[in-house]
Amino acid sequence: MNSKPRKILPLLSLAILLLIASSPQSSNQESELAWHAKIDPQLLELEPSEEIEYLIFLTQQTNLDKARTLTTRAEKGRYVVNQLKATAEQTQKPILEYLTRNNIEHRPFWIANMIWVRGTQDELVQIAKLNDVARVFANNKIEMQLPEPFPETKPGEQKLAPGAVEWNISLVNAPRVWGAGYTGQGVVIGGQDTGYDWDHPALINKYRGWDGSSADHNYNWHDSIHSGGGDCGPDSPEPCDDYSFGHGTHTMGTMVGDDGGGNQIGMAPGAKWIGCRNMDQGNGTLASYIECFEWFLEPTDLNGQNGNSALAPHVINNSWYCPPEEGCAWDSLMAVINNTRIAGIVVVVSTGNFGSSGCGSVNHPPAIYGSAFSVGATDSSDNITGFSSRGPSDYTNLLKPNVSAPGYNVRSSIKGGDFGTASGTSMAAPHVTGLVALLLSARPDLIGQVDQIENIIERNALPRTSLETCGGIPAGQIPNNTYGWGRIDAYETLFDTITFPLIYH
């Protein structure tokens, strides 16, 4: 199957915008076409007086090249946060004053130089004409098509006996790594999703906010849902999952889950987790995703104060996608993901469940970015699933996925202390997030070294070839746009790096 043609219109539009932004006094000479080109077209289809939400992306963004020369994750994180905040403070003031003066609801972000706004289209037009505005992205709340965990038992039925080590965890050789003493100890995993049933028996003892007798959710939990929130309500002061049987709860179980009673469902049971809710009953927005990433770079207390970048996670799992209907243009999250990665945090993402569309079906942020480590889904026979999105990455034309992992009939934790099965690339990505934790527990010197971590995982994957010809890669070649470098193998990943010198492809 041949790859479909690349979409060149967004790239051409971006080139035009960059030329406009770089021209002297360009803001005073912008034509009607120029300010229109800044705005997501769907925002201009609404009534002028209709209230809308959008994100202003400022022209000046932060140069973080120096962070690449820093050695530790702590140094990188501190530097990145300080620089990003400095840029926001220096450049956002005129626009913030304009918004305040005109009583327009807003909230600034610093992880990328952006401002969330709720106002009318008339107000939007005036803002788009301002000197420092490069782009305006929509911020729509759209129900996401997430995998639905299927519970093992119905109300009133007797629960099944513990399943011990799950097939998917055994298949990728995680138990062999545990046997050598590496379980993810000393590593913190971050997850942003529909939320988490934090006191689930398989999760509670892995939660960084639980000391065995009491909970402290400061620096360990953030809720980016400020209205609605289903049965969790808005601004939940503790981790809570408001989605059906618990999509986020299921993903976290695959990362760290172990109830001590035989349900060994997680890749890295010795790791700790922290979380952020980025969807309201499965409905995400561009702003809610950005808010979670910003909190992960510098976790705060429950009042959003006293941030501490030293408490940032080592790796973040993202089993979600952001389509254009939510306001995610192809580049809307690029700066956010890039800046998170530069801070020394591995960003693991699911590729999406659009494989039935064939080649080029990795088509939504954040999976399309080179700075996101993307994961496809395989079954128990190591074959790619029909639903797993194929590369290359839409718009950016990059090899995707990077690697693959089990994502079909995966058993894990669900809401209410139970267990259930689900299928999707949402289920595959947590395996890789857990593998990062295993690797860092064995090689703490790699903490913050994202390039090296990703290369080690890729080169030690079980090679898998495909008859598909996606992106011009011939059938039988590795890597390919079906499996990436192959299905992950925890044992090979860790013990190659311990036994042999590091050689990167």
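Described in the following lines is the structure provided in the data block. All figures in this text were calculated on a predicted structure; none of them were measured in a lab. (Residues numbered from 1 in each chain as written. Predicted model: local features only at pLDDT ≥ 70, side-chain atom pairs only at ≥ 80, totals over all residues. Heavy atoms only, no water.)

Describing the overall build of the chain
Point 1. Scanning the chain from terminus to terminus reveals 14 helices and 19 strands.
Point 2. Within the chain, buried positions represent 58% of all 505 residues.
Point 3. Partitioning the contacts of the chain with sequence separation of at least 6, the portion at a separation of at least 24 is 77%.
Point 4. With an accessible surface of roughly 19200 Å², the chain has 51% of that area assigned to carbon and sulfur atoms. (Helix = DSSP H or I, 4+ residues; strand = E, 2+ residues; numbered from the N terminus. Buried < 20%, exposed > 50% of the residue type's maximum accessible area, 1.4 Å probe, protein only. Contact = heavy atoms within 4.5 Å. Areas by Shrake-Rupley, 256 points an atom, 1.4 Å probe, with all protein chains shown as cover.)

Examining the packing of aromatic side chains
Point 1. Scanning all chains against the criterion turns up 12 aromatic pairs.
Point 2. These aromatic residues form a ring-pair network of at least three members: Y196, W198, Y207, W210 and W273.
Point 3. Stacked on the ring of Y491, the Lys or Arg R176 has its end atom at 3.5 Å from the ring centre. (Phe/Tyr/Trp six-rings, centres within 6.5 Å; stacked < 30°, edge-to-face > 60°. Lys NZ or Arg CZ within 6 Å of the ring centre and 35° of its normal.)

With respect to helix α9 (residues 247–256)
Point 1. Where burial is concerned, most of α9 is hidden: 10 out of the 10 residues are buried.
Point 2. Listing the buried residues of α9 in full gives H247, G248, T249, H250, T251, M252, G253, T254, M255 and V256.

Some details on the side chain of T62
Point 1. By secondary structure assignment, the location of T62 is in the loop between β1 (51–58) and α4 (73–91).
Point 2. A polar side-chain atom of T62 sits 2.8 Å from a polar atom in the side chain of T87.
Point 3. The contact partners of T62, leaving out residues within four places of it in the chain, are Q83, L84 and T87. (Polar contact = N/O pair within 3.5 Å; in protein donor to acceptor, adjacent residues only side chain to side chain.)

Considering the nonpolar core
Among soluble globular proteins, nonpolar side chains are generally buried collectively.
Point 1. Among the nonpolar cores identified, the biggest contains 56 residues, and L55, I290, L297 and L333 are the most heavily contacted of them.
Point 2. Elements represented by at least two residues in this core include exactly β1, α4, β3 (114–120), β4 (133–138), β11 (272–277), α10 (286–297), α11 (334–342) and β15 (346–350).
Point 3. If you tally residues by element for this core, the top one is α10, at nine residues.
Point 4. Not counting residues up to four positions away in its chain, the partners in contact with L297 are V80, V81, L84, W110, I111, S309, A312, T340, A343 and I345.
Point 5. Core analysis: the second largest hydrophobic core is formed by 48 residues, M252, V432, V450 and L494 among them. (Core = buried A, V, L, I, M, F, W, Y, C linked by side-chain atoms within 4.5 Å.)

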